[in-house]
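Overview (structure and organization)
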Amino acid sequence: MRIIESLEEMREAAAELAAGRRSSGLVPTMGALHEGHLSLMRRSAGENGVTVVSIFVNPAQFSPEEDYDSYPRTWEEDLAAAKSAGVDIVFHPGAEQMYPPRSQTSVMVHGLTRGLCGMSRGQGHFRGVTTVVAKLFNLVRPTRAYFGQKDAQQAVVIQRMVLDLNFPVEIIVCPIVREDDGLAMSSRNRNLPPQYRPRALALRRALELGRKLIREGETDPYLLANAMGQRILMDSEIELDYLEIVSPETLEAVEKLDDLALIAGAVKIGGVRLIDNILVGPDGPWED
Ligand code: AMP
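Below is a summary of the structure that appears in this document. The structure displayed is predicted, hence computed values, not measured ones. (Residues numbered from 1 in each chain as written. Predicted model: local features only at pLDDT ≥ 70, side-chain atom pairs only at ≥ 80, totals over all residues. Heavy atoms only, no water.)

A short note on helix 6 (residues 123-140)
Compared with an ideal rise of 1.5 Å per residue, which puts 18 residues at 26 Å, helix 6 spans 26 Å between its outermost C-alpha atoms and is within 8% of the ideal. With respect to burial, helix 6 is a largely interior element, 13 of its 18 residues being buried. Taken from the residues just after helix 6, Arg141 is the one with a positive phi, measuring 50 degrees. (Helix = DSSP H or I, 4+ residues; strand = E, 2+ residues; numbered from the N terminus. Expected span 1.5 Å × (residues − 1). Buried < 20%, exposed > 50% of the residue type's maximum accessible area, 1.4 Å probe, protein only.)

Below, the structure is given as structure tokens:
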């Protein structure tokens, strides 16, 4: 497995792949790799001649009051994990290379970034995401790029950007990988104080409650959101950031649950922000 730390070397490697007509898959990550990330890498390794994983904690997507400094960084373990998942190249650029002092260009997807995490973290979060992903696409020139449904809004936003800016890349969205008890895997789970770990399931349990109520025939998004919100707020130590029932394509609130909907939420527990979501409609799916 090759480690590339300079933009120039990554560009050259990408040019060689293109010249050799080899397909490549890119898995953008911020490191602290877990099974969720590895599922994306394995999928890419199965579908492409070469798999590139970027490991870059992107300062542009954190606001000043967020956890950029305390975001987990586990470089040595990440390398071993990436290798075991069949990765060929780890691209690990420095922040000063990605954002030289005079850079002043960004990529912004407007409407889709307004709600959900865009509301709670600010649209600047997604501006940071789309800008860095656009830069990675230009540097790596992948045939396919792999993202997780865990960050459902991010996946929709990236797909919009690819269409709007005509990036020649196919976006593959992969299912959420969970711990045995159902907690969505996340690098931030490492920062959960152990006494808060059982409580971290509150959002998952609320989403499951929503799905159960839908199965029993409830179609009113307000009643559903209310019941799920109350389930979370039963624990006074949990801060509910948002919980919304939206169209999986437009991310706009649905008036009635008569088609597949995305139920997405974010909570803060013990100072750590966790997100999760399910896709469900009046005819299921009842499991994920
Ligand atoms: P991150 O390092 O958190 O920026 O995540 C990198 C990629 O891995 C994103 O496309 C995430 O959606 C995806 N990802 C993170 N956690 C999971 C998970 N539990 N299951 C599936 N994909 C995930």
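Some points on the site of the ligand
The environment of the ligand is made up of 17 residues, and the closest members are Met30, His37, Asp151, Val177 and Met185. Within the side chain of His37, a nitrogen or oxygen atom sits 2.9 Å from an oxygen atom of the ligand. With respect to the ligand, the side chain of Asp151 contributes an N or O atom lying 2.7 Å from an oxygen atom. Mapped by element, the contributors of at least two residues to the shell around the ligand are strand 2 (24-29), helix 2 (35-47) and strand 5 (144-148). Counting residues per element, the shell around the ligand draws most heavily on helix 2, at three residues. Considered class by class, the residues forming the shell around the ligand number nine nonpolar, six polar and two charged. (Near = heavy atom within 4 Å. Polar contact = N/O pair within 3.5 Å; in protein donor to acceptor, adjacent residues only side chain to side chain. Nonpolar A, V, L, I, M, F, W, Y, C, P; charged D, E, K, R; others polar.)

A closer look at the packing of aromatic side chains
Applying the stated criterion across every chain yields a total of four aromatic pairs. Ring geometry for Phe56 against Tyr99: centres 6.3 Å apart, planes inclined by 35 degrees, an arrangement best described as tilted. With a gap of 43 residues between them, Phe56 in the loop between strand 3 (50-55) and helix 3 (75-84) and Tyr99 in the loop between helix 4 (95-98) and helix 5 (116-121) connect regions that are remote in the sequence. Judged by relative accessible area, Phe56 falls into the buried class, the value being 7%. Ring geometry for Phe62 against Tyr68: centres 5.4 Å apart, planes inclined by 70 degrees, an arrangement best described as edge-to-face. Judged by relative accessible area, Phe62 falls into the buried class, the value being 10%. Residue classification places Tyr68 among the partly exposed residues on the basis of a relative accessible area of 26%. Joined through ring pairs, the aromatic side chains of Phe62, Tyr68 and Tyr71 make up one cluster. One Lys or Arg, Arg73, reaches over the ring of Tyr68 and ends 4.9 Å from the middle of that ring. (Phe/Tyr/Trp six-rings, centres within 6.5 Å; stacked < 30°, edge-to-face > 60°. Lys NZ or Arg CZ within 6 Å of the ring centre and 35° of its normal.)

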